[in-house]
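# What the coordinates show
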Amino acid sequence: MHTLWQDLRYAARMLRKQPSLTIIVVLSIGIGIGANTTVFAWMESLLLNPAPLVKDSGRLVAINSANADGSGGEAMPFSYLTYLDWRDAAQSFDGLIAQAVTRVNLRLPEESQGEAAWVEIVSGNYFDLLGVPAQMGRAFTLAEERSAAPVVVINYNLWQRRFGGDPKIIGQHLLLNGADVTIIGVAPRGFKGVLAGYGYDLWLPLTAQPLVSPGNNHLTNRGDRWLQGTARLKAGMSLAEANREMQAVARQISEAHGEAPVTSAMVKLMRERFAGPLVFRLFTVLLPVAGLVLLIACANVANLLLARSSSRQKEIGVRLALGARRYHIIRQLLIESLMLAGIGGLVGLLFALWAKDLFLLFIPPTPQPVGISFEINGRIVGFALLVAFATAIIFGLVPALRASRPDLVAVLKDLPRGASASSSRLRNALAIAQVALSLVTLVSAGLFLRSLQQARHIDIGFSDPAHLLLVGTDFNAAGLNRDGALALADQLLERARALPGVQGAAFSTMVPLGFSGHNFSGTTVEGYVPAPGEDLSVERVIVSDGYFDTMGIPIVAGRAISPQDGRDSQRVAVVNETFAARYFPGQTAIGRRLNQGPGWATIIGIARDGKYRDLSETTTPIVYSPLRQWYTAGVTLHVRTANSPRALVEPLRHEFATLNVNLPLLDPRTMTEHMSATTFVQLFGGAMLSGFGLFALLLAGIGLYGVLSYVVAQRSREIAIRIAVGATPKDVLGLVLKQGLALVLTGLVIGAALALAAGRLLQSQLLGISANDPLTFVGVTLLLIGVALGACFVPARRATRVDPMVALRYE
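Throughout what follows, the structure given in this document is the object of discussion. (Residues numbered from 1 in each chain as written. Predicted model: local features only at pLDDT ≥ 70, side-chain atom pairs only at ≥ 80, totals over all residues. Heavy atoms only, no water.)

It is worth spelling out the overall build of the protein at this point. Within the protein, the regular secondary structure consists of 25 helices and 22 strands. Counting all 811 residues of the protein, 54% fall into the buried class. Sequence separation of at least 24 residues holds for 81% of the intrachain contacts in the protein that already meet a minimum separation of 6. For the protein, the accessible area works out to roughly 34,200 Å², and carbon and sulfur atoms hold 59% of it. (Helix = DSSP H or I, 4+ residues; strand = E, 2+ residues; numbered from the N terminus. Buried < 20%, exposed > 50% of the residue type's maximum accessible area, 1.4 Å probe, protein only. Contact = heavy atoms within 4.5 Å. Areas by Shrake-Rupley, 256 points an atom, 1.4 Å probe, with all protein chains shown as cover.)

Okay, structure coming up:
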């Protein structure tokens, strides 16, 4: 222990003796470790442990309905009656819960106006299955689900913000969309639900759903699919086994109730739900690239330490001559490396603490309840320490091994020493690796940025999103029945259209190219015979008159929905081109009928295809139904303007308040802001990878500069002789530049091969370009060559100034 303490003190003295080198190494390693720690912190909160307060959250799985063959969308919902059957029949789980989300108007009984709040409507076993006890009061139970008790559990943050942490909160009453409910508990601090990235204000029993949606009881119709499922796998049960059982159970129950087509089920990892696949694919890129940056930093530091070890050969030779064992020398040098890495790890943790919230800056405007927070916990600190230790071994071991084997005779006699061939090869290999890895990093960033650029040229199916304003509202929050809501909707449209600069206004339940509003309904198409097991769930969008003109969606045949398509008139629908082509190939769709619920609707028009969920999708069938015939309370007002859409927010707020003081104006945003969700991966990935790439480029430049500076120093005698016998400065400059460019070109060739392989892994996240986009590869290559020339020129220029008399006299 005493010897170790001496080694530590000696290492500290050696680092203090060379402060410039120490600072460069610590910053290089610190930023590399910080980048990896930051990405790991994001993964920890969004993928690895999104619900830290949930007991044994690693065994939670997502359950959804699926097509008869077990395939389906990422989150196909199921009905409440189906949920009850599944809960009773499934044997693979310790429990199964169901959940849905809605937004409500929350106010106290004594208040005239409320505020928008998000409610997760959940089954009675929700808190019990998750193992999350109430911080105050209690959670509701299955008994309260059966009795449809009007009780809620509120979020800790809502308790603090809205009620000032009142210790007498239990038993107080709230009004949710005018319905009286009683607070029975406060959820523990930090608990926001089990869906990563979302945060809810309250939790309400499933059977109380009709209370907050007057006139819309979703509990009694097996075809009313609105729930998502979460379950806890039994110990020893695999995901594949649970899938097989649930598919069989779901098919049996579906067949027993005469459903056509037969519905199956799908059990997935929690990270595969909603935005999970998108985020997971993003991190499969970010973490490896952050790792490449750290490897580049390690190569750079290893080169610096190799150069440093050359200047310490006499010291090490003397210690060996006095009897020190080689093991002691290696240990001493490794302790210095561990000390550098340890300080770098602390710098990395500070960097991660600063950078962890950068993710939040890129989250696009969304009506969904975002509940993301990033904390530096024990696992993240442990990750940083582990990376720091591995880094010390990577950059410190080889220099330590080489420094511990000096030529004792040459060292002790102070004879001239050139760089050994093996040492030169190692330094060159490290420089080549830096160039190659930098190329991979920069190409990855370039592909994301080019993809973001190309996204602007993709045909989205509607015109000029920059002049569209979106405003959400919910007629349930104003306590209105169907007739009152439709009358108010007509008044709102009339007033919105009369505002200065407004060119059109309409309501819709779905805003294209966003996270929400996509609802699918079982569909029967007149004259179309589905193939065995074919899923006929088609997305239905409920819109008001004026929608297609407001959006700039052309009607290619027939007519659009008009004010005359009311409750008592013939049911009608407009379909998109894909629907018409799929179900009426070679025929006209106008005048044909479809059924998505109680009653047939006649197709009166065909709308142009567009992009509905993301920019890379294959267009799917869409049915547009009139709001007056298919009333729904939660809608979004679309307003097209001639001027800045944002200028209309306050005038619209005034019109809302004038018509009904309780009608909420929610999430005002432009269509351009809304659409940013579709390019989130490219925007965030491009920004982060560009930062990593620039740091890698800087390190590669420093590495080349260091290698050639060392070469010039070691070859000063040779260069002096060349100059003495007639070599011109141009000859010397070319000699050094040639050696530097040879390293660069070798690195570029290796890096190009690696970048092509990496590009294939990125292809699914690229929009409008290929993974081997020539513009990206050529641009990045030229950038690297330019930086490399700059890094090589300085030591090459220094070589031309070697004074032969001084160099030869010294030798």
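A few words now on the pattern of salt bridges. For the structure on display, the rule yields 25 salt bridges. One salt bridge connects Arg-103 with Asp-667, and the closest N-O pair in it is separated by 2.4 Å. In this pair, Arg-103 is assigned in strand S2 (residues 93-107) and Asp-667 in strand S22 (residues 666-670), connecting sequence segments 564 residues apart. In the salt-bridge network here, residues are joined through shared partners; they are Glu-111, Glu-115, Arg-161 and Arg-162. (Salt bridge = Lys/Arg side-chain N within 4 Å of Asp/Glu carboxyl O.)

One way to put it is that helix H3 (residues 80-89) packs onto helix H8 (residues 239-256) with a least axis distance of 10 Å and a crossing angle of 130°. Looking at the two axes, H3 sits oblique to H8. When you trace H3 past H8, the crossing you get is right-handed. Together, Asp-85, Trp-86 and Ala-89 of H3 and Glu-245, Met-246, Val-249, Ala-250 and Ile-253 of H8 make up the contact between the two elements. Residue composition of the contact of H3 with H8, by class: 6 nonpolar, no polar and 2 charged. (Axes fitted to C-alpha atoms, helices over the stretch in contact; angles between N-to-C directions. Parallel < 35°, antiparallel > 145°, perpendicular 65-115°, else oblique. Left-handed = near helix turned anticlockwise from the far one by under 90°. Nonpolar A, V, L, I, M, F, W, Y, C, P; charged D, E, K, R; others polar.)

Looking at the element boundaries, Gln-570 is found in the loop between strand S16 (555-558) and strand S17 (572-576). When the C-alpha positions of Gln-570 and Gln-629 are compared, they lie 9.1 Å apart, and in sequence the two are 59 residues distant. Contact partners of Gln-570, with chain neighbours within four places excluded, come to Thr-602 and Gln-629. Side chain to side chain, Gln-570 and Thr-602 meet in a polar contact 3.0 Å long. (Polar contact = N/O pair within 3.5 Å; in protein donor to acceptor, adjacent residues only side chain to side chain.)

Moving on, we get to the side chain of Glu-245. Considering the arrangement of structural elements, one finds Glu-245 in helix H8. Buried Glu-245, no salt bridge; nearest opposite-charge side chain is Lys-234, N-O distance 7.9 Å. For Glu-245, the side chain forms a polar contact with the side chain of Ser-92, separated by 2.5 Å. If near-sequence neighbours (up to four positions away) are discounted, Glu-245 is found in contact with Ala-89, Ala-90, Gln-91 and Ser-92. (Lys, Arg positive; Asp, Glu negative; His and termini not counted.)

For Asp-56, which is not glycine, the phi torsion reads 50° and is therefore positive. The topology assignment puts Asp-56 in the loop between helix H2 (19-48) and strand S1 (60-66). With relative accessibility at 40%, the residue Asp-56 sits in the partly exposed group. In this structure, Asn-177 takes a positive phi of about 50° despite not being glycine. Its location among the elements puts Asn-177 in the loop between strand S6 (173-176) and strand S7 (179-186). Among the residues examined, Asn-177 registers a relative accessible area of 5% and is labelled buried.

Where two aromatic rings form a pair, the distance of their centres and the angle of their planes describe that pair. On inspection of all chains with the given rule, the structure shows 26 aromatic pairs. Between Phe-359 and Phe-374 the ring centres are 5.6 Å apart and the planes differ by 70°, which places this aromatic pair in the edge-to-face class. Taken together, the residues span a long stretch of sequence, with Phe-359 in helix H12 (residues 358-361) and Phe-374 in the loop between H12 and helix H13 (378-403) at a distance of 15 residues. You'll find Phe-359 and Phe-374 in the same group, each marked buried. Taken together through their ring pairs, the aromatic side chains of Trp-42, Phe-283, Phe-359, Phe-362, Phe-374, Phe-680 and Phe-684 make up a single cluster. Taking NZ or CZ as reference, Arg-593 lies 4.7 Å from the ring centre of Trp-600, over its face. (Phe/Tyr/Trp six-rings, centres within 6.5 Å; stacked < 30°, edge-to-face > 60°. Lys NZ or Arg CZ within 6 Å of the ring centre and 35° of its normal.)

Overall, the coordinates contain 7 cavities of 30 Å³ or more when judged by the stated rule. Quantified by volume, the second largest cavity comes out at close to 90 Å³. What lines the second largest cavity is a set of 13 residues, and nearest its centre among them are Thr-82, Trp-86, Arg-225, Glu-259 and Thr-263. Of all the elements in the fold, those that place two or more residues in the lining of the second largest cavity are H3 and H8. Ranked by the residues each element gives to the lining of the second largest cavity, the list is headed by H8, at 3 residues. For the lining of the second largest cavity, a count of residues per class yields 4 nonpolar, 6 polar and 3 charged. (1 Å grid on protein atoms, 1.4 Å probe; cavity = no way out; pocket = protein on both sides within 12 Å on 5 of 7 lines; lining within 4 Å. Points joined across faces, edges and corners; volume = space filled by probe spheres on them.)

Inspection of the secondary structure assignment puts Met-246 in helix H8. The sequence separation of Met-246 and Ile-63 amounts to 183 residues, and the corresponding C-alpha distance is 8.9 Å. Setting aside residues up to four positions removed in sequence, Met-246 forms contacts with Ile-63, Trp-86, Ala-90, Phe-93, Ala-265 and Val-267.

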